[in-house]
Structures are given as structure tokens and as C-alpha cells.
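Chain by chain, the residues:
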Amino acid sequence: MQASAITENMPRLRLSAAAIYRLGVASRSIAAIAGGYVLAALVTMLLSVCLPMARAEAVMTATLLSFAIYTCAVLWVFATGSALRAWLGLLIPGAVIAAILQWMGALSWSLA
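Residues numbered from 1 in each chain as written. Predicted model: local features only at pLDDT ≥ 70, side-chain atom pairs only at ≥ 80, totals over all residues. Heavy atoms only, no water.

1. With respect to the overall build of the protein chain
Reasoning step 1: If you tally the helices and strands in the protein chain, you get 4 helices and 0 strands.
Reasoning step 2: Ordered by position from N to C terminus, the α and β elements of the protein chain give α-α-α-α.
Reasoning step 3: Across the 112 residues of the protein chain, 23% fall into the buried class.
Reasoning step 4: A separation of at least 24 residues holds for 65% of the contacts in the protein chain among residues at least 6 apart in sequence.
Reasoning step 5: As presented, the protein chain carries roughly 8,200 Å² of accessible surface, and 72% of it is formed by carbon and sulfur atoms. (Helix = DSSP H or I, 4+ residues; strand = E, 2+ residues; numbered from the N terminus. Buried < 20%, exposed > 50% of the residue type's maximum accessible area, 1.4 Å probe, protein only. Contact = heavy atoms within 4.5 Å. Areas by Shrake-Rupley, 256 points an atom, 1.4 Å probe, with all protein chains shown as cover.)

2. Quick notes on the environment of Val-38
Reasoning step 1: Here Val-38 shows up in helix α2 (residues 17-50).
Reasoning step 2: Note on Val-38: relative accessible area 46%, which makes it partly exposed.
Reasoning step 3: In this structure the C-alpha to C-alpha distance between Val-38 and Gly-94, which are 56 residues apart in sequence, comes to 7.5 Å.

3. Points about the side chain of Ser-66
Reasoning step 1: Its location among the elements puts Ser-66 in helix α3 (residues 55-79).
Reasoning step 2: Relative accessible area serves as the criterion here: at 13%, Ser-66 is assigned to the buried category.
Reasoning step 3: Ser-66 has contacts with Ala-40 and Thr-44, leaving out every residue within four places of it along the chain.

4. A word on a nonpolar patch on the surface
Reasoning step 1: A surface patch of nonpolar side chains, about 800 Å² in accessible area, is lined by Val-49, Leu-84, Leu-88, Ile-92, Val-96, Ile-100, Trp-103 and Met-104.
Reasoning step 2: When residues in the nonpolar patch are grouped by element, the largest group, 7 residues, is from helix α4 (residues 83-104).
Reasoning step 3: Tracing the sequence through the fold places Met-104 in helix α4. (Patch = residues over 30% accessible without salt bridge, like charges linked within 9 Å, V, L, I, M, F, W, Y side chains within 5 Å. Salt bridge = Lys/Arg side-chain N within 4 Å of Asp/Glu carboxyl O.)

5. Observations concerning α2
Within an α-helix, residues lying three or four positions from one another point in the same direction, as the helix has 3.6 residues per turn.
Reasoning step 1: Taking 1.5 Å per residue, 34 residues should reach 50 Å; α2 reaches 47 Å between its end C-alpha atoms and fits that length.
Reasoning step 2: A maximum bend of about 30 degrees is found in α2 at Gly-35.
Reasoning step 3: When we look at burial in α2, the residues that qualify are Arg-28, Ala-31, Ala-32, Gly-35, Gly-36, Leu-39, Ala-40, Leu-42, Val-43, Thr-44, Leu-46 and Ser-48.
Reasoning step 4: The elements touched by buried residues of α2 are α3 and α4. (Expected span 1.5 Å × (residues − 1). Bend = angle between axes of the 7 residues up to and from the residue.)

6. Points about the nonpolar core
Reasoning step 1: Residues Leu-39, Leu-42, Val-77, Leu-90, Ile-97 and Leu-101 are the most contacted members of the largest nonpolar core, which totals 14 residues.
Reasoning step 2: Listed by contribution, the elements that provide at least two residues to this core are α2, α3 and α4.
Reasoning step 3: Here this core takes 6 residues from α2, the largest share from any one element.
Reasoning step 4: Beyond its immediate stretch of four places on either side in the chain, Leu-39 contacts Ala-73, Leu-90, Pro-93, Gly-94 and Ile-97. (Core = buried A, V, L, I, M, F, W, Y, C linked by side-chain atoms within 4.5 Å.)

7. Here we look at the environment of Ala-31
Reasoning step 1: Here Ala-31 shows up in helix α2.
Reasoning step 2: Separated by 52 residues in the primary sequence, Ala-31 and Ala-83 have C-alpha atoms spaced 8.3 Å apart.
Reasoning step 3: Setting aside anything within four residues of it in sequence, one finds Ala-31 in contact with Gly-36, Val-77, Trp-87 and Leu-90.

Right, here's the structure in full:
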């Protein structure tokens, strides 16, 4: 009972529409930069293991494709309707690809 009386007297933080918009853009920017990089790196790792060619050629091909993947990820983040959808659209495929890599034994979690 006392806690509700205390919270009623506290002023609520209200953000203006401009502040909400700027936070959304900042969140999308972080998602595009960091999330796009992680997704591109995971796809590169998966392709370098799965492509049916010599190891050096597979790595080179996957690395070259990573630039296109990163660009598409950045474009997609800013084309979605919300920042939450942008984050989920990067995290879910990234988690699936990481699980596939872990299942294949190609992903090392060692910190040593």
C-alpha cells in the first residue's frame, strides 16, 4: 500500500516524439553496425565451411559475399517498420546460423 503512494507522487519521465524518434534511429544504427557485422561474419563462416570447393577458394568467395550480406543487412534494418523488428530480424537468423555452426563443430567458444 505504501509503495503505490510513493510511486503516485513521483514524476514520470515522458519523452517527446523527437526523442523517441532519435532513440529509434540510434537503436537501428547500432543494430545495423553491430548486428549486421555479426550476421555477415556468421554467414561467412557458414559459407566457408559449406561451399564445395577448395578451402582457400571457399574462404575467399565467402569473404567477398560478406560485403553484399552486410550491405543487405544494413538496408533491411532501416527498411523495417520498427527497431524491434530490425533487432529480431538480425538476432533470430544469427542464432540459427550459430546453432548450425555449433552443431557442425565449426564454431569454437573457447576463450583460451
